[in-house]
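Given next are the chains, with one letter for each unit.
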2 protein chains.
Amino acid sequence: MAGGREELKLLGTWTSPFVIRVKLALSFKDLSYENVEEEDLYHNKSELLLKSNPVHKKVPVLVHNGKLVCESQLIVQYINEAFSTDGPSLLPAEPYQRAVARFWAAYIDDKLFASAFQVGRAKTEEKAEALKQAFAAVETLEAAFKECSKGKPFFGGDSVGYLDIVLGPIVPLAYVGEARFGIKLFDGTRSPLLEAWVERFAMMDAAKAVLPEVDKLIEYSKAKQARAAAVAAAARN
Amino acid sequence: MAGGREELKLLGTWTSPFVIRVKLALSFKDLSYENVEEEDLYHNKSELLLKSNPVHKKVPVLVHNGKLVCESQLIVQYINEAFSTDGPSLLPAEPYQRAVARFWAAYIDDKLFASAFQVGRAKTEEKAEALKQAFAAVETLEAAFKECSKGKPFFGGDSVGYLDIVLGPIVPLAYVGEARFGIKLFDGTRSPLLEAWVERFAMMDAAKAVLPEVDKLIEYSKAKQARAAAVAAAARN
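Treat the numbers as computed from the prediction; the structure is a model and nothing was measured. (Residues numbered from 1 in each chain as written. Chains lettered and ligands numbered in written order. Predicted model: local features only at pLDDT ≥ 70, side-chain atom pairs only at ≥ 80, totals over all residues. Heavy atoms only, no water.)

1. As for the domain arrangement of chain A
Residue and element names in this part refer to chain A.
In step 1: Taken domain by domain, chain A consists of domain 1 (8-82) and domain 2 (95-215).
In step 2: The gap between the C-alpha centroids of domain 1 and domain 2 is 21 Å.
In step 3: Facing 15 residues of domain 1, the contacting portion of domain 2 comprises 23 residues.
In step 4: Of the roughly 1,600 Å² buried between domain 1 and domain 2, counting both surfaces, carbon and sulfur atoms make up 71%.
In step 5: Where domain 1 meets domain 2, there are one salt bridge. (Domains from an automatic or database assignment. Contact = heavy atoms within 4.5 Å. Buried area = accessible area lost by both parts, 1.4 Å probe. Salt bridge = Lys/Arg side-chain N within 4 Å of Asp/Glu carboxyl O.)

Now the structure itself:
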């Protein structure tokens, strides 16, 4: 646990996978922080957020003793470096293994998260293509898991590492996708290792402490869809 | 200079800014390497490239004692970590300063390079918008330079650092843009500090050793345009 003089504040929203990623890093590093929830990220960003991330105007932002760190992957790397003596080291010590971890972390955002979001947003005809891309990304990540974990339970080996935390926010999203739309992102045929990893990760105390409840996410997702439908209907009239 | 037992090979093309970025890192770290030029990246990628970067199939790839590292920013970070005792340290030692450097490095690719490429590729009506975005990115980076350099000559302070190398490939491109299209990306009004930085960076021996000659780039750019025009004319007939 960080000493009493360390002040950590996280600006975010409880549903953002990128905010959840930072919460996972803080939780696995056993660091306490103040959570500052953005009330309305879509229509009315707070002054604090606009001032804290003037370049991208996005959550998450980590405020550490007044210093502002943006972009979720960079925040996780920062937490790992700034709190190197707190909790486990998330990135491997060996330069090549670090490069491999950073490579797959970029892949997770650029290919898997990007296409998974597209599945949610796209119109019917584009949805199928986005889903195909998401499944292809899962297959590639299945091979990456094999390469990185070397038969052990996590990307990080025996314990949770950088890639487990970067991919971690997919866990509740995968459960929501299955419950709401019958889409099983990770299954025993396409990705048996990642299917087992999802279950394993979801059961860890440090993950359970910060991952949002699936039921609440489902409720949120239904309400968002209903709002979007109402807006679309109003636009037609 | 790396010891005789270190084998470094770089797969790339001489015109790729991302390859030039890696060459800059190797040059400033005073590391010797074998340059392997892709003959025809657009129509006929080599077996070696496809095998070396099966995920993205892109240059640059650094091969270090048989280990493959992809993605130019990750390669530069890898070079800095794997050859920590060769030449200057490119990234700051302090975690917060490292996070700041990585933040602006991502910005350079996502905003400046992306819109600068778009200026080259886009149709007339979209060109103006892309140029506007490139100029906006330059203005933001002017402020970043002020923040990072603290009145010293480089992003890295007294000596060239990570951001100087990440932005470095823009230097010959900026000269080409001015000579061919009269576009001055960095000028005394919008970005006096970066305008001076471009001149300063271009004069450094380690940069001159690897930056492609502007005249050759202009020739290449003209030939490419002529080929594209011929293809377009053939398609019309």
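2. Side note on the UniProt feature "domain: GST N-terminal" (unreviewed entry) in chain A
In step 1: In the UniProt entry, the feature "domain: GST N-terminal" (unreviewed entry) is given for residues 6-87 of chain A.
In step 2: The distance from the first to the last C-alpha atom of residues 6-87 of chain A is 15 Å, and the span holds 35% helix and 21% strand. (UniProt positions renumbered as here; feature names shortened; annotations may be inferred. Helix = DSSP H or I, 4+ residues; strand = E, 2+ residues; numbered from the N terminus.)

3. Focus: the sheet that holds strand β4 (residues 67-70) of chain A
All names here are of chain A.
In step 1: As summarised here, the arrangement of the four strands in space is β2-β1-β3-β4, forming an open sheet in which the pairing is mixed. Of all strands in the sheet, those with a lone pairing partner are β2 (34-37) and β4, marking the two edges. Strand after strand, the sheet turns through a mean of 20° between neighbouring axes, direction not considered.
In step 2: Bridging between strand β1 (residues 8-12) and strand β3 (residues 61-64) involves four bridges; their strand directions are antiparallel. By the bridge assignment, Leu-11 is partnered in β3 with Val-61.
In step 3: Set on the sheet, helix α1 (residues 17-28) makes contact with β1, β2 and β3; between it and β1 the angle comes to about 160°. (Pairing = 2+ DSSP bridges. Axes fitted to C-alpha atoms, helices over the stretch in contact; angles between N-to-C directions.)

4. What about the sheet that holds strand β1 (residues 8-12) of chain B?
Strand pairing in a sheet relies on backbone hydrogen bonds. The paired strands run either parallel or antiparallel.
Residue and element names in this part refer to chain B.
In step 1: Strands sit in the order β2-β1-β3-β4 across an open sheet of four strands; the sheet is mixed. Since the sheet does not close on itself, it has two edges, and those belong to β2 (34-37) and β4 (67-70), each with one partner. In this sheet, neighbouring strand axes are inclined to one another by 20° on average, regardless of whether the strands run parallel or antiparallel.
In step 2: Inspection of the sheet shows β1 paired to β2 by four bridges, in the parallel sense. In the strand pairing of β2, Leu-10 is matched with Asn-35.
In step 3: Sheet contacts for helix α3 (residues 72-82): β3 (61-64) and β4; angle to β4, the most-contacted strand, approximately 130°.

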